Amino acid sequence: MTADLYLLVPIRHPAMVSDQEHQYRCLEALFASLAGQTDQRYVLRVICDESQVLPPLPPQGERVDVDIPPPIKPSDQDRAQEVLNPFRVDKGKRLLAGLDGVPPHAFVMNVDDDDLLHCDVVGSILAGPDAVDGWVIDRGYVWFDGNDAIYEADGLHLACGTTIAVRAKHFKFSDTTALKDDILMELAGHRDWFALLNSDGMSYERLPYRGVIYRRGHANSMQTRLLPTSAPVAPIWTPSGLLARMPHGLRLRIKRFLHARRNAGAGPADALLYHWDRPHPFTGELYASMMGGKLEAKDSAA
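Here is what the cut-offs are and how they apply
Residues numbered from 1 in each chain as written. Predicted model: local features only at pLDDT ≥ 70, side-chain atom pairs only at ≥ 80, totals over all residues. Heavy atoms only, no water. Axes fitted to C-alpha atoms, helices over the stretch in contact; angles between N-to-C directions. Helix = DSSP H or I, 4+ residues; strand = E, 2+ residues; numbered from the N terminus. Parallel < 35°, antiparallel > 145°, perpendicular 65-115°, else oblique. Contact = heavy atoms within 4.5 Å. Nonpolar A, V, L, I, M, F, W, Y, C, P; charged D, E, K, R; others polar. Expected span 1.5 Å × (residues − 1). Buried < 20%, exposed > 50% of the residue type's maximum accessible area, 1.4 Å probe, protein only. Polar contact = N/O pair within 3.5 Å; in protein donor to acceptor, adjacent residues only side chain to side chain. pLDDT = per-residue confidence, 0-100. Pairing = 2+ DSSP bridges. Core = buried A, V, L, I, M, F, W, Y, C linked by side-chain atoms within 4.5 Å. Salt bridge = Lys/Arg side-chain N within 4 Å of Asp/Glu carboxyl O. Phe/Tyr/Trp six-rings, centres within 6.5 Å; stacked < 30°, edge-to-face > 60°.

## Observations regarding the packing of helix 4 (residues 181–188) against helix 5 (residues 190–197)
Taken N-terminus to C-terminus, the directions of helix 4 and helix 5 make an angle of 85°; their axes are 5 Å apart at the nearest point. For the element pair helix 4 / helix 5, the angle class is roughly perpendicular. Mapping the contact onto sequence places M185, E186, L187 and A188 in helix 4 and H190, D192 and W193 in helix 5. Here the residues of the contact of helix 4 with helix 5 sort into four nonpolar, one polar and two charged.

## Focus on helix 1 (residues 20–35)
Between its first and last C-alpha, helix 1 extends 22 Å over 16 residues, near the 22 Å set by a 1.5 Å rise per residue. Within the sequence span of helix 1, burial applies to H22, Q23, C26, L27, A29, L30, F31, A32, S33 and L34. Between the side-chain oxygen at the start of helix 1 and the backbone nitrogen of E21 there is a gap of 3.2 Å, and the oxygen is on D19.

## What about the confidence of the model for the protein?
Confidence along the protein averages 78 in pLDDT terms, with 72% of residues attaining 70 or more. This model gives residues 227–232 a pLDDT under 50, and the stretch forms three contacts once residues within four places in sequence are excluded. Confidence drops under a pLDDT of 50 for residues 263–272, and excluding neighbours within four residues, the segment shows 12 contacts in the predicted structure.

## Side note on the sheet that holds strand 10 (residues 204–206)
One open sheet holds the seven strands; their spatial order is 3-2-1-4-9-6-10, and the pairing between them is mixed. A single partner strand is all that each edge strand has here, and the edge strands are strand 3 (61–66) and strand 10. The sheet shows a mean angle of 25° between the axes of neighbouring strands, direction not considered. Packed onto the sheet, helix 5 meets strand 4 (107–110), strand 6 (134–136), strand 9 (164–167) and strand 10 and runs at close to 50° relative to strand 9.

## Re the nonpolar core
A general tendency of soluble globular proteins is for nonpolar side chains to be buried together. Within the largest apolar cluster, 33 residues are counted, with the highest numbers of intra-cluster contacts made by L7, L44, M109 and I125. Residue assignment for this core shows that the elements contributing at least two residues are strand 1 (5–10), helix 1, strand 2 (43–49), strand 4, helix 3 (121–126) and strand 11 (212–216). Excluding residues that lie within four positions of it along the chain, L7 makes contacts with L34, Y42, V43, L44, R45, M109 and V111. Counting 28 residues, the second largest nonpolar core, distinct from the first, contains V43, V66, V108 and V136.

## Focus on the pattern of salt bridges
Between side chains of opposite charge, a pair can form when the charged atoms approach closely. Applying the stated criterion to the full structure yields nine salt bridges. With its nearest N and O atoms 2.6 Å apart, the salt bridge here joins D65 to R63. Measuring nitrogen to oxygen at the nearest pair gives 3.2 Å for the salt bridge that ties R210 to E152. Highlighted residues: R210 in the loop between strand 10 and strand 11 and E152 in strand 8 (residues 149–154), separated in sequence by 58 residues. As far as burial versus exposure is concerned, R210 and E152 are alike and both buried.

## A look at the packing of aromatic side chains
Tallied over the entire structure, the rule returns three aromatic pairs. Each ring, one from F171 and one from W193, has its centre 4.7 Å from the other, and the planes form 40°; the classification is tilted. Of the two residues, F171 sits in the loop between strand 9 and helix 4 while W193 sits in helix 5, which places them 22 residues apart along the sequence. Both residues of the pair, F171 and W193, count as buried. Taken together, a centroid distance of 5.9 Å and an interplanar angle of 65° make the contact between F194 and Y204 edge-to-face. Residue F194 is located in helix 5, and its partner Y204 is located in strand 10; the two are separated by 10 residues in the primary sequence.

What follows is the structure, given as structure tokens:
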């Protein structure tokens, strides 16, 4: 099975999943959003352990079994980024297995197992210019799992892994058996994919609508499992402490202003500060429509 777009879903080892029933439901919803794509010209590769139980795959789905032991969590005294590094290496190994045999011209896109795609994502990517090297989904929605509201999100490519598509030829390695951990971590990092698209000679397009729902705050999310749920608030007389105590809307406007000043004249124009606001009701009816691949929340920026 070949196509011009490969969607790679790396699933961590079952030993690293707190709630396998919840993971199964997330995969059901993800597969439904893919089965509901208006353009079905894609290949879905689910990279998982041999013991992984999966919902029925869409017709374009392929299961890629791997024998990769679960990563070992470093000491709690390590910094947050160091704590996550073994898990990034693990994800990189799984994505590398999913890349095997992908045609050089085809787009590859990491799709996290708890996110959902707009029904037109595949069609938009395949209808784009032939010369483009990649696509970026910088606008979408944030959903805190189980809540009855979703939030419009901008700069989402800085936070969500299901936001970047890059042609496979840019991920070709001379010896895949000897890749160093730092290379595997770059392969696993959506920010590294975005940096690649911003390197010399590369070009990319941005999806013109909100293209993904980024699910956060559930038992299986990496940040929930490995990092504290909230950082201690700094004293009110410090800049960070004062900012933390401000209303969300005011805090967001100040962050945007400071970010714009700090990045004026430097870096890609779309490297925006990730933020979310403008809640919309997230009802059972909306969720049911999303299962078919449609995001029907009103987009105030459209």
